[in-house]
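# Descriptive structure summary
This is what each chain is made of:
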Amino acid sequence: MTALGLRAPRTVRASVLRPNLEFEVVRTVSEMSKEAALMNVLDETRGGSGIVYAATVKAVDALYGWLAAAGVPVARYHGQMRPDDREKSRGCFMRGEVSLMIATKAFGMGIDKPDVRFVVHAQFPDSLESYVQEAGRAGRDGAPARCVLLYRLEDRRVQTFFLARKYPARADIERVCAALGTDARDAPSVAAATGIPMRRVAAVLAHLGPEGGAGAAAAALVERFAALAKRDRARLDAMAHYAEQTGCRVTAIGTYFGEETTACGDCDACAGLGCTGSRRSTRSHTANAV
């Protein structure tokens, strides 16, 4: 606000939760049971369209192939597709030519389709921040919509793998900083001198201060990346807790984001535990897939 020169601006903060969204977690023990759970969602939720998010390109392609073979009108979207193919896929979904989109998180900003009746996460997302943002693409028209997490404990390994590779290791940081003390000055020259991939070199250079490759700067950067990794692990732990806890899903999300909420009465946990209150119901609650 100070940077923008605003004087006594009125701050409006909306809740991260919308009352027309119904949250549920379906625990699965195998890929076969996960596929069965997804097909149940498709069978139970009629009309409108839906989005299925997966954590990897491989998973998107596998789900797309399986559903297309089953006769489901489906499109896919991920970062390894050619740009024109991605745009064609996005257009087909937005125009209603297909009712289902299978995508990685690359299918994100700017996606505002009012009639999305469900968002399913077929794999464990990296945080509640990501989950709520992606799930929030359901029910933009204000009508009831489902937000379903197909939870399998093994899926957490995927996000753990991504996290382990997200930030440069101490050894890489020290090698980049050492290279800056020679003739190397930019990402291509440092990458060539160290053999470290360009993207990782660029990440280090982007965070170095005016000290450049000085020893103090390298040590500070190691600490900074360690703190970021610790934060991300905590977010992943919070996502796991959401999936495994037995209380109201809406209350769990609200508490995480610092909001005061009451039991919704309609999420899977409330239906199973008999929590009080009711917003509405988009379906008859079914047993967890096995």
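Everything that follows concerns the structure shown earlier in this document.
Quick caveat, the model's predicted, so the values are computed rather than measured.

Enumeration according to the criterion identifies eight aromatic pairs in this entry. Consider the rings of Phe161 and Phe162, whose centres lie 6.1 Å apart with planes at 50°: the pair is tilted. Its relative accessible area of 47% is what places Phe161 among the partly exposed residues. Classification of Phe162 as partly exposed rests on a relative accessible area of 36%. An aromatic cluster of three or more residues is present, and its members are Phe23, Tyr131 and Tyr242. Above the plane of the ring of Tyr242 lies Arg249, whose end atom (NZ or CZ) is 5.5 Å from the centre.

Before going further, it helps to examine helix H4 (residues 128–135). When you tally the buried positions in H4, you get six out of eight residues, the bulk of the element. Those residues of H4 that fall on the buried side of the exposure criterion are Leu128, Ser130, Tyr131, Val132, Glu134 and Ala135.

Attention now moves to the packing of helix H6 (residues 170–180) against helix H8 (residues 198–207). Between two packed helices, what matters for the description is the angle formed by their axes and the separation of those axes. At a closest axis distance of 10 Å, the pairing of H6 and H8 adopts a crossing angle of 75°. Judged by the angle between their axes, H6 and H8 are roughly perpendicular. Here Asp172, Ile173, Val176 and Leu180 of H6 lie close against H8, whose contacting residues are Arg200, Val201, Val204 and Leu205. Among the residues forming the contact of H6 with H8, the class breakdown is six nonpolar, no polar and two charged.

The subject of this paragraph is the sheet that holds strand E3 (residues 74–77). Paired through their backbone hydrogen bonds, the strands of a sheet run either parallel or antiparallel. Strand order in the open sheet formed by six strands is E1-E6-E5-E2-E4-E3, with parallel pairing between adjacent strands. The open sheet has two edge strands with one neighbour each: strand E1 (21–27) and E3. Ignoring strand direction, the axes of neighbouring strands in this sheet form an average angle of 15°. Note that strand E2 (residues 49–53) and strand E5 (residues 116–121) share five bridges and pair parallel. The partner of Ile51 across the bridge, within E5, is Val119. H4 rests against E1, E2, E5 and strand E6 (145–151) of the sheet, and its axis sits at about 155° to E5.

Core analysis: the largest hydrophobic core is formed by 40 residues, its most contacted members being Phe23, Phe107, Tyr131, Leu149 and Tyr242. For this core, the element with the most residues is helix H9 (residues 215–244), which contributes six residues. Other than its neighbours up to four places away in sequence, Tyr242 contacts Phe23, Val25, Leu128, Tyr131, Leu149, Arg249, Ala252 and Ile253.

One pass over the full model with this rule turns up 21 salt bridges. Between Lys34 and Asp155 there is a salt bridge; the shortest N-O distance is 2.3 Å. Of this pair, Lys34 sits in helix H1 (residues 31–44) while Asp155 is found in the loop between E6 and helix H5 (156–164), placing the two residues 121 residues apart along the sequence. When sorted by exposure, Lys34 lands in the same class as Asp155, which is buried. One salt bridge connects Arg76 with Asp61, and the closest N-O pair in it is separated by 2.9 Å. Taken as a pair, Arg76 in strand E3 and Asp61 in helix H2 (residues 57–69) lie far apart in primary sequence, 15 residues in all. Under the relative-accessibility criterion, Arg76 is labelled partly exposed at 29%. Of the residues examined, Asp61 reaches a relative accessible area of 29% and is grouped as partly exposed.

What counts and what doesn't
Residues numbered from 1 in each chain as written. Predicted model: local features only at pLDDT ≥ 70, side-chain atom pairs only at ≥ 80, totals over all residues. Heavy atoms only, no water. Phe/Tyr/Trp six-rings, centres within 6.5 Å; stacked < 30°, edge-to-face > 60°. Buried < 20%, exposed > 50% of the residue type's maximum accessible area, 1.4 Å probe, protein only. Lys NZ or Arg CZ within 6 Å of the ring centre and 35° of its normal. Helix = DSSP H or I, 4+ residues; strand = E, 2+ residues; numbered from the N terminus. Axes fitted to C-alpha atoms, helices over the stretch in contact; angles between N-to-C directions. Parallel < 35°, antiparallel > 145°, perpendicular 65-115°, else oblique. Contact = heavy atoms within 4.5 Å. Nonpolar A, V, L, I, M, F, W, Y, C, P; charged D, E, K, R; others polar. Pairing = 2+ DSSP bridges. Core = buried A, V, L, I, M, F, W, Y, C linked by side-chain atoms within 4.5 Å. Salt bridge = Lys/Arg side-chain N within 4 Å of Asp/Glu carboxyl O.

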